[in-house]
Amino acid sequence: MASSSLLLRSSPFFLTPQQPNPNPRPFTPTPKSLTIKATISSDKQPETTPAIKHRRPADQNIRQEAHRRSSDNHHKFSAKYVPFNADPASTESYSLDEIVYRSRSGGLLDVQHDMEALKEFDGSYWKSLFDSRIGKTTWPYGSGVWSKKEWVLPEIDSDDIVSAFEGNSNMFWAERFGKQHLGMNDLWVKHCGISHTGSFKDLGMTVLVSQVNRLRKMNRPVVGVGCASTGDTSAALSAYCASAGIPSIVFLPANKISMAQLVQPIANGAFVLSLDTDFDGCMQLVREVTSELPIYLANSLNSLRLEGQKTAAIEILQQFDWEVPDWVIVPGGNLGNIYAFYKGFHMCKELGLVDRIPRLVCAQAANANPLYLHFKSGWSDFSPMKAKTTFASAIQIGDPVSIDRAVYALKNSNGIVEEATEEELMDAMAQADATGMFICPHTGVALTALVKLRNSGVIRATDRTVVVSTAHGLKFTQSKIDYHSKAIPEMACRLANPPVNVKADFGSVMDVLKKYLLSKESKQ
Ligand SMILES: C[S@@+](CC[C@H](N)C(=O)[O-])C[C@H]1O[C@@H](n2cnc3c(N)ncnc32)[C@H](O)[C@@H]1O
Ligand SMILES: C[S@@+](CC[C@H](N)C(=O)[O-])C[C@H]1O[C@@H](n2cnc3c(N)ncnc32)[C@H](O)[C@@H]1O
Ligand SMILES: Cc1ncc(COP(=O)(O)O)c(C=O)c1O
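Residues numbered from 1 in each chain as written. Chains lettered and ligands numbered in written order. Predicted model: local features only at pLDDT ≥ 70, side-chain atom pairs only at ≥ 80, totals over all residues.

## Notes on helix α8 (residues 259-267)
Part 1: Taken together, the buried positions of α8 are Gln261, Leu262, Gln264 and Pro265. On an axial view of α8, the arc spanned by its buried residues comes to 150 degrees, and they lie on one face. Every exposed residue of α8 that faces more than 90 degrees away from the buried side is listed here: Met259, Val263 and Ala267.
Part 2: Of the surrounding secondary structure, the elements contacted by the buried residues of α8 are α7 (232-244), β7 (248-253) and β8 (271-275).
Part 3: Once α8 finishes, Gly269 follows within two positions and takes phi at roughly 85 degrees, a positive value. (Buried ≥ 20, exposed ≤ 12 C-beta atoms within 10 Å, placed from the backbone. Helix = DSSP H or I, 4+ residues; strand = E, 2+ residues; numbered from the N terminus. Arc of directions from axis to C-beta. Contact = placed C-beta atoms within 7 Å.)

## Here we look at the domain arrangement of the protein
Part 1: Per the domain assignment, the segments of the protein are domain 1 (6-140) and domain 2 (171-197 + 325-484).
Part 2: At the junction of the two partners, domain 1 supplies ten residues and domain 2 supplies eight residues.
Part 3: The set of elements that each furnish at least two residues to the side of domain 1 that touches domain 2 consists of α2 (115-118) and α3 (123-133).
Part 4: In terms of residue count, the dominant contributor to the side of domain 1 that touches domain 2 is α3 (three residues).
Part 5: Of the residues assigned to the side of domain 1 that touches domain 2, the class counts are five nonpolar, two polar and three charged. (Domains from an automatic or database assignment. Nonpolar A, V, L, I, M, F, W, Y, C, P; charged D, E, K, R; others polar.)

## Remarks on the nonpolar core
Where a protein is soluble and globular, its nonpolar side chains tend to be buried together.
Part 1: Ranked by size, the top nonpolar core spans 126 residues in total, and within it Ile329, Val330, Ile338, Phe341, Leu360, Cys362 and Ala446 carry the most contacts.
Part 2: The element that contributes the greatest number of residues to this core is helix α12 (residues 336-350), accounting for eight residues.
Part 3: There are two domains that each give this core at least three residues, and those are domain 1 (6-140) and domain 2 (171-197 + 325-484).
Part 4: Discounting residues that sit within four places of it in the chain, Val330 has contacts with Asn337, Ile338, Phe341, Leu360, Cys362, Ala363, Ala446 and Val468. (Core = buried A, V, L, I, M, F, W, Y, C linked by C-beta atoms within 7 Å.)

## Let's talk about the packing of helix α11 (residues 311-319) against α12
Part 1: Relative orientation of the contacting elements α11 and α12 amounts to 55 degrees, with a least axis distance of 6 Å. As the angle between them shows, α11 and α12 are arranged oblique. As for the relative orientation of α11 and α12, their crossing is right-handed in sense. Residues Thr311, Ala312, Ala313, Ile314 and Leu317 of α11 form the contact with α12, whose participating residues are Phe341, Gly344, Phe345 and Cys348.
Part 2: In terms of residue class, the contact of α11 with α12 is made up of seven nonpolar, two polar and no charged. (Axes fitted to C-alpha atoms, helices over the stretch in contact; angles between N-to-C directions. Parallel < 35°, antiparallel > 145°, perpendicular 65-115°, else oblique. Left-handed = near helix turned anticlockwise from the far one by under 90°.)

## Some points on the pairing of strand β11 (residues 359-365)
Part 1: With seven of seven residues buried, β11 lies mostly within the body of the structure.
Part 2: With burial as the criterion, each face of β11 is covered, one bearing Arg359, Val361, Ala363 and Ala365 and the other bearing Leu360, Cys362 and Gln364.
Part 3: Note that strand β10 (residues 327-331) and β11 share five bridges and pair parallel. Bridge pairing in β11 links Trp327 to Arg359. (Pairing = 2+ DSSP bridges.)

## Some thoughts on the environment of Ala461
Part 1: Tracing the chain through its elements places Ala461 in the loop between α16 (441-455) and β13 (465-469).
Part 2: Counting along the chain gives 334 residues from Ala461 to Lys127, while the straight-line C-alpha distance between them is 29 Å.
Part 3: With residues up to four places along the chain from it excluded, the contact list for Ala461 reads Gly183 and Met184.

## A short note on the site of ligand 1
Part 1: Taken together, 15 residues sit near ligand 1, with Thr137, Gly142, Ser143, Ser163 and Phe165 positioned nearest.
Part 2: By residue class, the composition of the shell around ligand 1 is eight nonpolar, five polar and two charged. (Near = placed C-beta within 6 Å.)

## Overview of the site of ligand 2
Part 1: Around ligand 2, a shell composed of Asn170, Met171, Trp173, Trp188, Gln319, Phe320 and Asp321 is seen.
Part 2: Classifying every residue of the shell around ligand 2 gives four nonpolar, two polar and one charged.

## A few points about the sheet that holds strand β3 (residues 109-113)
Part 1: Strand order across the open sheet formed by three strands is β2-β1-β3, with antiparallel pairing between neighbours. Where the open sheet ends on each side, the last strands, each with one partner, are β2 (94-95) and β3.
Part 2: Taken together, the five bridges between strand β1 (residues 79-83) and β3 define a ladder with antiparallel strand orientation. Paired with Val82 across the strands is Asp110, a residue of β3.

Below, the structure is given as structure tokens:
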């Protein structure tokens, strides 16, 4: 890191437990013009906190401690709901404390931050602030989402936050996959699925459930929280709700999600409805139900979720020391996440942390590809479809709620949409796994998009490229078992690596091992 602002060390945004706030007055940000900056040389780190052991009083927990110490509730950052991509003349807006999912005209909403207030600090201020919080233990800033609290939910009290230390996920250098299969040296996989419930959904759910927690404390009519899900959303919702003691209700398409996904809401005590329909059918039902009952809607139609998900984009930049990758490839289903990535990158550009944004690629399963067909038609006509079965079951969606958001994100990032057949995505997953990953089929879809764009020369060998992995491979073991047992009809499963059944005696074991070693030697 080249330099860092000393302003940071006295920032009331971030006080370590070892540094009690010397000045607990309400905080007023120092305008850019008034900040006195000093730089420190790269070999000198900011002073580390003294080795004095601080303990909070025995009758306090870490929330109460954060609450007592916080001064960030008095700043002037704020956010509100506005119609998505609204006419600049529109004055329609709603407080985040209102329960509203659609604009007056029935369109999508977006969370709009007071950008002028945020712009009172320059890009290097924000970079240093976010960098200073990575992995810290001070509630709630250790979370990758809440380390960007001012850009996410600036007005929520730290005491209301429901967090499981989400975010800060690994950016895996896909060295062998990149070099051997694509001739690339700068390929990375952002493992968003290495998280509390095993998918990127945790990033958005911590924000939504925290806001619900706040609403319930304000005695707003929220008896429970509900969602339709292809598996991962219900897992995240039920875990965050359970940890806050909030009832959750999940609408799942029967027999269309993996066992590992289904068991999560069951174990977390959600009220689980297994419905004889697909995701789109569940989505329709949950929308009707939440308009009649005091159940808060947790699907990504609700733009609060995207505020948390956008932090993965900020994290990607942070993990490259604020250098911008050339490409970011995201698997898409209901299409909230592709917009969340766009929003995170765009905000970093607008607030001066970086000077450009990456080109975005949205990758769809060919069996559930309404966005791909829309893109291929030159964005002319969009038709929802009946999605067919895909191993990438979490993106088996034919009528994506966030279609307008996705089109906006792709048009404004010079983006591309690609698709993957079942065989392509399963082969890509197996090939990646054989280079040390253990990815989910959705990441197989994203890798297929990369392979196709690399083969056509659109993505160059030297381009820095990030593939977003959206869920943990352990949630999708059945698809891997089927592939490696060659049990998938009409699929060659050419990279299958089944276990060898061998008699438990020395001679038989030696025979198979010699054969194996010879086959390896001949490949060297
Ligand atoms: C044990 S507390 C730190 C000690 C605390 N300052 C105290 O007063 O005792 C820190 C741990 O809480 C957990 N944690 C969960 N969510 C967190 C968040 N949003 N921010 C910080 N820590 C979080 C993390 O595992 C983290 O390592
Ligand atoms: C993307 S690299 C930083 C870019 C790097 N300075 C470069 O050469 O462009 C940093 C990320 O790599 C990942 N990483 C994986 N293994 C790592 C390791 N052993 N040491 C450091 N970073 C590692 C982490 O997720 C980390 O956030
Ligand atoms: C593992 C996984 N990947 C990708 C997606 C797609 O995200 P989005 O629906 O926001 O496009 C989902 C959820 O739908 C998911 O669970």
